[in-house]
Amino acid sequence: MAATGCALRRAFSRCPQPNGEHSVPDSSGLCREPLLLTSLQRYGKDLGFPVFFPRAIYAGESLYDATITDGNRRLRVTLDPGLNGLVERNYLRCGSLLRNVSLAPGVCVREGCGVDRGTYGGHRIESLEVVMEEGGVDGSSLRGVDAACLPWFGAGADVREMDPGPLMPLRADRALFLPLWNNTDPIGPAWRDTPPSPHGADAGAESEEMEEVRATVTLRKLQEAFLSGCHSIRSTVRKTLVVRIINKSNLMYYGKSDRNCECPYKASLQVCDGSAMVCVVLWNSVCADWYRSLRPGQILSLSHYRVKESYDSRTTHSHVTEIELSVNSRNPSAQIHILPESSVSPDCLPPKPDYSFYSGNDLLSCPHANLCDVIGLVMFAGRSERMRSKGVQGVELLEYRWLGLEDGTTDQPIMVKLFSTSQPETHRKTVPLCVLVCTRLKMVRGEGWYYLTNSNYTQVYCTGSGHHSKMHYKKLRPVRQFLQWMQSLDDRQVLSRAVIGGFFSYPPLPVSLETYMKNRKGEPGLLSGAELQREMERLHYRETHSYCIQATVSMVTHCRRGEEELSLFWTDRRTILSSSPQSSPSSSRLYCPRPLPPDTCRKTWTQSPPPLGLPLSPALSHPNTWSSILTHGAFSTHTPPPGPADLIATATQLANQRLVCVLEACHLGGNRTEIVLTRAYPLRD
């Protein structure tokens, strides 16, 4: 018999079937009582989408499974695609309290695979209400429940004690879940931390016991045989290669809704054996088994692979044909072993990776697009943000964050725009005062500014992850010099300058409106207030976008941060990034003639560079008038900044002044959108 407090059971009992029975897997239910969302997983839809959701009209590529509980039972469900927007804007998330949840029966792709549809996910949520804190519903009793210990809600039996096993996507033939906010990070237990062993033994121990290994073919001979048209090379190659990993790419997810593939991932390794360097492509489940175990510097033995013309040769029409090795889990099943150097014959030992470390001073003259390795002390760690990018896989949201490093060779920090490198644990540990090594970064240089960003093979290593002791760069001279500089630092002084989070915009915009408009390169023109509102409503969680509007200033006032939360704020950056808890932040606010609804946006204007010299821009020299402050985006660095009273007293300078305003918007989740005024160019008659 169902537990007295089981809200899920009561919800289904209110909706009897035509035959008068209550068969939970095939029945609908409306749960008006509070439910707690305890887990949320994303995955790509596939060819079965029209079967599972025949009436859905949705152009996105993602589906979401969730676990909900009433405090007595838990139930696996799938969100109707019409609710995806709630997740994409982080309005619906783990820990959300729900009510008026409408549950409908549905087909589960895992039926016939040992999964009970009624226990594990035969239902989908068609509609729901997210209870806000002010919603008048007490969810404390639900939030205090350990959902992992609750039995599954199922059909026939009131208590299901058996564990249904690892969570798997319910409405697509996928073996792995995707991260909520990017497509490149490996998540979940299916991604192995240690390499698989063919005998179930520990792979590391197996490698240590190996006898001396010798290669039976070289990369150069493989390439020569492939170019000569040798038939045996164009099929499965069983000869053994002994190679060293030089570079490792991030994971690439290539899942599409028009094809079925359980594990649609690939990753690339640049390897060498002394005779040549080629690319090894790991496909599908090989990525899940091996990606996290492999790192640059390791030696591999490799057999049972296919030789193909490289992707670059096929797409760039190069005069020189290069090969790549394709490694799969079947047809053929590749044989991979990580070898200790002691097990490799000295005459077969591949060369070690070659690093090219640049100091902060070297980077000042480093040419555009050059590849660099850097080491530095993290002094600024920005928040995670996302930007829309159109690539081979269509439009995708790429996750990134800004980092500021110091190495003692220059007063200017080394700025890095770091995108995901499929190393989520390392990125989480990248915080101020950790030592960070970034390899294979690409230089991006403009007029008076530069920064580093990812290349195809960027990897990061930081203190606290056990990386540095394993890497070959630890004995290089630039690394030793940096460590010597580190020993001379005063911990208290360094800590006082450390900065984390907050708004940061780089590179600096030009001071001239003409130059700014010329650099927009096909971006949309000036938006009206209604168009701006529509554009911001399309933003996903942590997505950033730049907009341009024409406006005039109708009022200027001053208040302290925290007061009048419904106002549109332009806040002094020094108060946002200040590390002193005793600071009393102040801010300015500006009302525009057509402001956005105050409950959906909050405007921030950074007026002057914070500690560390952020942003990196040439010294600003101007008269600190309203016009010059708005066009430079900061106060003059040559004179003391005017106080709030002085600014308000001279606000009449803005009367009837038409401005082209550059706004940086970032969706912060739910109904919150931050809007930062980075420039305002006066229009001349």
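Values in this document were obtained by computation on a predicted structure and should not be read as measured data.

Cut-offs applied
Residues numbered from 1 in each chain as written. Predicted model: local features only at pLDDT ≥ 70, side-chain atom pairs only at ≥ 80, totals over all residues. Heavy atoms only, no water. Helix = DSSP H or I, 4+ residues; strand = E, 2+ residues; numbered from the N terminus. Buried < 20%, exposed > 50% of the residue type's maximum accessible area, 1.4 Å probe, protein only. Pairing = 2+ DSSP bridges. Salt bridge = Lys/Arg side-chain N within 4 Å of Asp/Glu carboxyl O. Arc of directions from axis to C-beta.

A. Looking closely at unusual backbone geometry. Here the bond from Asn331 into Pro332 is cis, since omega is 0°, no more than 30 degrees from zero. Topologically, Pro332 is positioned in the loop between β14 (323-327) and β15 (335-339). That bond from Tyr506 to Pro507 is cis: its omega, 0°, falls within 30 degrees of zero. Mapping Pro507 onto the fold places it in the loop between β22 (499-500) and α14 (513-518). Positive phi is not limited to glycine here, since Asn331 has a value of about 50°. The topology assignment puts Asn331 in the loop between β14 and β15. Look at Asn331 and you get exposed, because its relative accessible area is 63%.

B. Structural view of the pairing of strand β19 (residues 414-419). Counting buried positions over the six residues of β19 gives six, a clear majority of the element. Burial along β19 is two-sided: the residues Ile414, Val416 and Leu418 and Met415, Lys417 and Phe419 are all buried. As judged from the two bridges shared by β19 and strand β21 (residues 449-462), these two strands associate in the parallel manner. Each bridged residue has a counterpart across the sheet, and for Val416 the counterpart in β21 is Leu452.

C. View of the pattern of salt bridges. Here the structure, examined in full by the defined rule, presents 15 salt bridges. A salt bridge links Asp193 to Arg292, with the nearest nitrogen and oxygen atoms 2.7 Å apart. Here the residue Asp193 occupies a position in the loop between α5 (140-143) and α6 (203-208), and Arg292 occupies one in the loop between α8 (285-290) and β12 (299-303), the gap between them amounting to 99 residues. Of the residues examined, Asp193 reaches a relative accessible area of 56% and is grouped as exposed. Here the salt bridges share partners, and the residues they tie into one network are Asp80, Arg124 and Glu126.

D. Structural view of helix α15 (residues 529-537). By the burial criterion, the buried members of α15 are Leu532, Gln533 and Met536. End-on view of α15: buried residues confined to an arc of 100°, all on one side of the axis.

E. Looking closely at the pairing of β12. With five of five residues buried, β12 is to be regarded as a mostly interior element. Every second residue of β12 is oriented toward a common face, with Ile299, Ser301 and Ser303 on one face and Leu300 and Leu302 on the other, all of them buried. Bridge analysis of strand β8 (residues 241-248) against β12 gives four bridges, and the strand direction is antiparallel. Among the inter-strand pairings, Val243 is bridged to a residue of β12, identified as Leu300. In the sheet, β12 pairs with β15 via five bridges, with the strands oriented antiparallel.

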